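# What the coordinates show
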Amino acid sequence: MKMVITKDILEELLAKAKASPRLRCNLDLRNSPDDKSQRMLNALEPETIMPIHRHKDTSETCVCIRGHFEEYFYDEDGNLTDTIDMVPGGIVLNIEAGQWHSLRSLESGTVLLEAKDGAYQPLEEDEIMEVPTK
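Residues numbered from 1 in each chain as written. Predicted model: local features only at pLDDT ≥ 70, side-chain atom pairs only at ≥ 80, totals over all residues. Heavy atoms only, no water.

## Points about the sheet that holds strand β1 (residues 24–28)
If you walk across this open sheet you meet the five strands as β1-β2-β8-β3-β6, and the pairing is antiparallel. The open sheet has two edge strands with one neighbour each: β1 and β6 (92–95). The sheet shows a mean angle of 25 degrees between the axes of neighbouring strands, taken without regard to direction. Examined bridge by bridge, strand β3 (residues 60–66) and strand β8 (residues 110–117) share six bridges and lie antiparallel to one another. Bridge pairing in β8 places valine 63 opposite leucine 113. Along the sheet face, helix α1 (residues 7–19) touches β1, β2 (37–44), β3 and β8 and points at about 140 degrees away from the line of β1. (Pairing = 2+ DSSP bridges. Helix = DSSP H or I, 4+ residues; strand = E, 2+ residues; numbered from the N terminus. Axes fitted to C-alpha atoms, helices over the stretch in contact; angles between N-to-C directions. Contact = heavy atoms within 4.5 Å.)

Set out below in structure tokens:
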């Protein structure tokens, strides 16, 4: 089945993100839950909290479709090591498996495309980094 992501679909996704307590909402682009890959649009508002995390068994590919966000990379001690600015028409970012990362939406109405290997698996405890606040 063909799916065309229209402006109306993006607007509906963004409205759901704004109404969500987490201030984000996903649109699953898989053909079925049995797909061997993950593909989704992720709508984010600037106040959403995205913990530092990693995916032990899969890389992750990100593209900014709309809005503006920054992707952050961390070492094993939680030190920020790199920041990548993501805008529409900019770069395609591939995050290697095991790399600690997070992101922050810098503009209301931000939407990104994410793709990962394998069926969806919730993050495990050792895939979320707890960083003490100062």
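## Quick look at the nonpolar core
One broad rule of soluble globular proteins: the nonpolar side chains tend to lie buried together. In terms of nonpolar packing, the biggest core is built from 12 residues, these being Leu44, Met50, Cys62, Cys64, Phe69, Phe73, Ile84, Met86, Leu93, Ile95, Leu103 and Leu112. Looking at this core, the elements with two or more residues in it are β3, β4 (69–74), β5 (80–86) and β6. Not counting chain neighbours up to four residues away, the residues in contact with leucine 112 comprise Met40, Leu41, Asn42, Leu44, Cys62, Val63, Cys64, Ile65, Phe69 and Leu103. Membership of the second largest hydrophobic core comes to eight residues, among which are Leu13, Leu14, Leu41 and Ala43. (Core = buried A, V, L, I, M, F, W, Y, C linked by side-chain atoms within 4.5 Å. Buried < 20%, exposed > 50% of the residue type's maximum accessible area, 1.4 Å probe, protein only.)

## Side note on the side chain of glutamate 70
Within the fold, glutamate 70 resides in strand β4. Setting aside residues up to four positions removed in sequence, glutamate 70 forms contacts with Thr83, Ile84, Asp85, Ser102, Leu103, Arg104 and Leu106.

## Focus on the pairing of β5
Strand direction decides the pairing type here: β4 and β5, joined by six bridges, are antiparallel. Across the sheet, glutamate 71 pairs through a bridge with isoleucine 84, a residue of β5. With antiparallel pairing between neighbouring strands as the criterion, β4 and β5 make up a hairpin whose turn holds five residues, including glycine 78 at a positive phi of roughly 85 degrees.

## Here we look at the pattern of salt bridges
The full count for this structure, using the stated rule, is seven salt bridges. Across the pair glutamate 12 and lysine 16 runs a salt bridge whose closest N-O atoms are separated by 3.5 Å. Placement of both glutamate 12 and lysine 16 in helix α1 is noted, with a separation of four residues, approximately one turn of the helix. Assessed through its relative accessible area of 44%, lysine 16 is described here as partly exposed. Look at the salt bridges and you will find they share partners, linking Lys56, Glu124 and Asp126 into a network. (Salt bridge = Lys/Arg side-chain N within 4 Å of Asp/Glu carboxyl O.)

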